[in-house]
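Residue strings, one per chain:
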Amino acid sequence: MSAAVEEQNGEVGTVQADEIRPIRAFDLKVSAVAQLSSHFRRITFRGDDLALFGANAAGQTLDLRIKVMIPSPGHALPQLSHIRGSLQNDWYTQWRALDESVRGVMRTYTVRALRRAVPAAGGRPAVPAELDVDFVLHLDGGSGPAAEWAAAAAPGDPMMIIGPCSRWGDCVGIEYAPGEGRRMLLVGDETAVPAIAAILESMPEHATGHAVLEVPTAEDFLDLAVPPGVEVRWFARGEKPHGQALVADVEALIAPAACERGEEPEDVDIDASILWETPAASPGHGLYAWLAGEAATIRTLRRYLVRDVGMDRNAVAFMGYWRKGQALPG
């Protein structure tokens, strides 16, 4: 059995519709590179099967996570692309079993933007689908393999991305779920800027709240599209400790409870486990917080909001994207 899909050039292609799985491998190529600032570099990808790339019901990617497969020097990308429309349950185990010098490395990133293909019409040429991923480059020599790849990327370079398949229905990898929240608090360091930027662009015009962003230098302050009721507050870290500005500003913006303290959140050993929780229950109608970035900073912010401010933990989504001094698994 097969299913027809419209490919980016307007033609109809066929994909295997054996067993639908939530994710698939996308064989892509770099189509454009843009240096947004000293530390942000945008890589744009194209590929015939981006028509099958998933998004939420509104077509938004928000904070959608994907896996970027970085090839080893002198080696091609691993052969996962033959799987059409589904990925075997044990694909990750099989990939891990390959020689590391051959398989390359896998890193998690968020989608900055997804633009669907526009077919030719009325004399206008077809516009191919494109996917933007913003990479953070560290100029002090501390870049990992993904950032090193991005720093040298050029149009035509191949890339494999593992992401959601639109045939599945529900889009896996999106954590932002404000429900009926009326006031937003988005907080993150440079690793969370692409996700926060995409979330801000998705907000309705009547949205209110704050986005608090800490980046390496003032040159990394980007122009973002935001509703008039949302204030974006940029902080240049410079030589200050990582996350210091985020914690100080959140404490200034969100006052602690005057009388009663909230519950004490369970402690998480961020050296032994990944700090990550997105509430299963829907938040209420008040403040909704989305926190992402360096794990120690996010743990501090979460404790402040839940314990000192008294926020319902179902209204606080927090994600330790990385841990200072550690390389998290892909």
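The present account deals with the structure reproduced in this document. (Residues numbered from 1 in each chain as written. Predicted model: local features only at pLDDT ≥ 70, side-chain atom pairs only at ≥ 80, totals over all residues. Heavy atoms only, no water.)

1. Considerations on the overall build of the chain
Here comes step 1: Looking only at helices and strands, the chain features six helices and 15 strands.
Here comes step 2: Counting the 330 residues in the chain, one finds 49% classified as buried.
Here comes step 3: Taking the contacts inside the chain whose residues are at least 6 apart along the sequence as the reference set, 73% of them involve residues at least 24 apart.
Here comes step 4: As presented, the chain carries roughly 15400 Å² of accessible surface, and 51% of it is formed by carbon and sulfur atoms. (Helix = DSSP H or I, 4+ residues; strand = E, 2+ residues; numbered from the N terminus. Buried < 20%, exposed > 50% of the residue type's maximum accessible area, 1.4 Å probe, protein only. Contact = heavy atoms within 4.5 Å. Areas by Shrake-Rupley, 256 points an atom, 1.4 Å probe, with all protein chains shown as cover.)

2. With respect to the environment of Pro164
Here comes step 1: Assignment of secondary structure puts Pro164 in strand β9 (residues 158–164).
Here comes step 2: Judged by relative accessible area, which is 2%, Pro164 ranks as buried.
Here comes step 3: It is 5.7 Å that separates the C-alpha atoms of Pro164 and Pro22, two residues lying 142 residues apart in sequence.
Here comes step 4: Those residues in contact with Pro164 that sit more than four places away from it in its chain are Pro22, Ile23, Phe26, Leu52, Phe53, Gly54, Leu64, Cys171 and Val172.

3. Structural notes on the nonpolar core
Here comes step 1: In terms of nonpolar packing, the biggest core is built from 59 residues, with Trp149 and Trp290 touching the most fellow members.
Here comes step 2: With residues up to four places along the chain from it excluded, the contact list for Trp290 reads Asp63, Tyr176, Leu185, Leu186, Val187, Ala192, Ala195, Ile196, Ile199, Ala317, Met319 and Tyr321.
Here comes step 3: If you look at the next biggest cluster of nonpolar residues, it comprises 21 residues, including Leu185, Leu287, Ile298 and Ala315. (Core = buried A, V, L, I, M, F, W, Y, C linked by side-chain atoms within 4.5 Å.)

4. Structural notes on the pattern of salt bridges
Here comes step 1: In this structure the tally under the stated criterion is 14 salt bridges.
Here comes step 2: In this structure, Arg112 engages Glu201 in a salt bridge whose closest nitrogen and oxygen atoms are separated by 2.7 Å. Taken together, the residues span a long stretch of sequence, with Arg112 in the loop between β6 (105–110) and β7 (113–115) and Glu201 in helix α4 (residues 193–202) at a distance of 89 residues.
Here comes step 3: On the accessibility criterion, Arg112 (9% relative accessible area) is buried. (Salt bridge = Lys/Arg side-chain N within 4 Å of Asp/Glu carboxyl O.)

5. Observations regarding helix α5 (residues 244–253)
Here comes step 1: Those residues of α5 that sit buried are Ala245, Leu246, Val247, Asp249, Val250 and Leu253.
Here comes step 2: Each element contacted by the buried residues of α5 is listed here: β10 (183–188), β11 (208–215), β12 (230–236) and α6 (295–308).

6. Observations regarding the environment of Val68
Here comes step 1: Assignment of secondary structure puts Val68 in strand β5 (residues 65–70).
Here comes step 2: Look at Val68 and you get buried, because its relative accessible area is 1%.
Here comes step 3: For the pair Val68 and Ala146, spaced 78 residues apart in sequence, the C-alpha separation works out to 7.9 Å.
Here comes step 4: Contact partners of Val68, with chain neighbours within four places excluded, come to Val105, Met106, Arg107, Tyr109, Met159, Met160 and Ile161.

7. Section: the pairing of β9
Here comes step 1: For β9, a buried count of six out of seven residues is recorded, marking the element as mostly surrounded by other parts of the structure.
Here comes step 2: Pairing between strand β3 (residues 23–35) and β9: seven bridges, direction antiparallel. By the bridge assignment for β9, Asp27 is matched with Met160.
Here comes step 3: One ladder, built from three bridges, connects β5 with β9; its direction is antiparallel. Looking at the pairing, Lys67 lines up with Ile162 of β9. (Pairing = 2+ DSSP bridges.)

8. Some thoughts on α6
For an α-helix, the turn length of 3.6 residues means that residues three or four places apart are oriented alike.
Here comes step 1: With 14 residues, α6 ought to run about 20 Å at 1.5 Å a step, and its terminal C-alpha atoms sit 19 Å apart, in line with that.
Here comes step 2: Within α6, 10 of the 14 residues are buried, which leaves the element mostly enclosed by the surrounding structure.
Here comes step 3: Buried residues of α6: Ala295, Thr297, Ile298, Leu301, Arg302, Tyr304, Leu305, Val306, Arg307 and Asp308, and no others.
Here comes step 4: Between the side-chain oxygen of the N-cap and the backbone nitrogen of Ala296 there are 3.0 Å, and the N-cap of α6 in question is Glu294.
Here comes step 5: Looking at the residues trailing α6, positive phi occurs at Gly310, about 85°. (Expected span 1.5 Å × (residues − 1). Polar contact = N/O pair within 3.5 Å; in protein donor to acceptor, adjacent residues only side chain to side chain.)

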